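What the coordinates show
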Amino acid sequence: MSEKRMLIVDAELVKKIDENRGDMGRSEFLNFLIDSQLKEKEESKKQGSVTREEFHQFQEGTKELLRNFLEFFISYGLELGKQPSDSEFEQLSRKLQSLGSSAKVKGS
């Protein structure tokens, strides 16, 4: 026989378990729920889904790439001697600063 342990949970949770377990015992029902959740997690990994953290890293990497892209073209234009109009330059500078500050704030 397997070793038994006691688990203390809120009365509301016990009520939910009892309302939804049908003919299963509490222990059997909890085991079923845990197994189902773990199986679902494994299947989602096999399907190639991404986690929130992975998506956030991708999003930050894209912002950094865009910032570098804008920075390159601003410096490239300045190297060629083409002077951008003040409003154009200010707009690009604001975009660069906003991208840089959002990456730093979220990264901190």
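As a reminder, the structure under discussion sits directly above these lines.
Report follows, based on the coordinates. (Residues numbered from 1 in each chain as written. Predicted model: local features only at pLDDT ≥ 70, side-chain atom pairs only at ≥ 80, totals over all residues. Heavy atoms only, no water.)

Thoughts on the overall build of the chain
For the chain, the helix and strand inventory stands at four helices and zero strands. Each helix and strand of the chain, placed in order from N terminus to C terminus, yields the pattern α-α-α-α. Taking all 108 residues of the chain together, 11% fall into the buried category. When the accessible surface of the chain is totalled, it reaches about 9900 Å², and 55% of it is carbon and sulfur. (Helix = DSSP H or I, 4+ residues; strand = E, 2+ residues; numbered from the N terminus. Buried < 20%, exposed > 50% of the residue type's maximum accessible area, 1.4 Å probe, protein only. Areas by Shrake-Rupley, 256 points an atom, 1.4 Å probe, with all protein chains shown as cover.)

What about helix H2 (residues 26–46)?
Helix length check: H2, at 21 residues, gives a terminal C-alpha distance of 30 Å against a target of 30 Å (1.5 Å per residue), a fit within 8%. Once H2 ends, the next one or two residues include glycine 48, with phi positive near 85°. (Expected span 1.5 Å × (residues − 1).)

Comments concerning the layout of surface pockets
Approximately 440 Å³ is the volume attributed to the largest pocket. Every element with two or more residues in the lining of the largest pocket is listed here: helix H1 (11–20) and H2. The element best represented in the lining of the largest pocket is H2, accounting for five residues. A breakdown of the residues in the lining of the largest pocket according to their chemical character gives eight nonpolar, three polar and four charged. (1 Å grid on protein atoms, 1.4 Å probe; cavity = no way out; pocket = protein on both sides within 12 Å on 5 of 7 lines; lining within 4 Å. Points joined across faces, edges and corners; volume = space filled by probe spheres on them. Nonpolar A, V, L, I, M, F, W, Y, C, P; charged D, E, K, R; others polar.)

Observations regarding the packing of H1 against H2
Relative orientation of the contacting elements H1 and H2 amounts to 90°, with a least axis distance of 10 Å. In terms of their interaxial angle, H1 and H2 are classed as roughly perpendicular. Contacts between H1 and H2 involve Val14, Ile17, Asp18 and Asn20 from the former and Arg26, Phe29 and Leu30 from the latter. Its residues assigned to classes, the contact of H1 with H2 shows four nonpolar, one polar and two charged. (Axes fitted to C-alpha atoms, helices over the stretch in contact; angles between N-to-C directions. Parallel < 35°, antiparallel > 145°, perpendicular 65-115°, else oblique. Contact = heavy atoms within 4.5 Å.)

Some points on a nonpolar patch on the surface
A surface patch of nonpolar side chains, about 510 Å² in accessible area, is lined by Leu7, Val9, Leu13, Leu30, Phe32 and Leu33. The element that contributes the greatest number of residues to the nonpolar patch is H2, accounting for three residues. Take leucine 33: it is sitting in helix H2. The partly exposed category is assigned to leucine 33, whose relative accessible area is 39%. (Patch = residues over 30% accessible without salt bridge, like charges linked within 9 Å, V, L, I, M, F, W, Y side chains within 5 Å. Salt bridge = Lys/Arg side-chain N within 4 Å of Asp/Glu carboxyl O.)

A look at H1
Note on helix geometry: an α-helix contains 3.6 residues per turn, so any two residues three or four positions apart are oriented the same way. Among the 10 residues of H1, one are classified as buried, and the element is accordingly described as predominantly exposed. Just past H1, the residue glycine 22 takes up positive phi, approximately 65°.

Focus on the environment of arginine 26
Along the chain, arginine 26 turns up in helix H2. On the basis of relative accessibility, which here comes to 44%, the residue arginine 26 falls in the partly exposed class. Taking the C-alpha atoms as reference points, arginine 26 and valine 14, separated by 12 residues in sequence, lie 8.6 Å from one another. With residues near it in sequence (within four places) discarded, arginine 26 still touches Val14, Ile17, Asp18 and Arg21.

Some points on the environment of arginine 5
Mapped onto the fold, arginine 5 is located in the segment before H1. A distance of 2.5 Å separates the side chain of arginine 5 from the side chain of glutamate 3, its partner in a polar contact. (Polar contact = N/O pair within 3.5 Å; in protein donor to acceptor, adjacent residues only side chain to side chain.)

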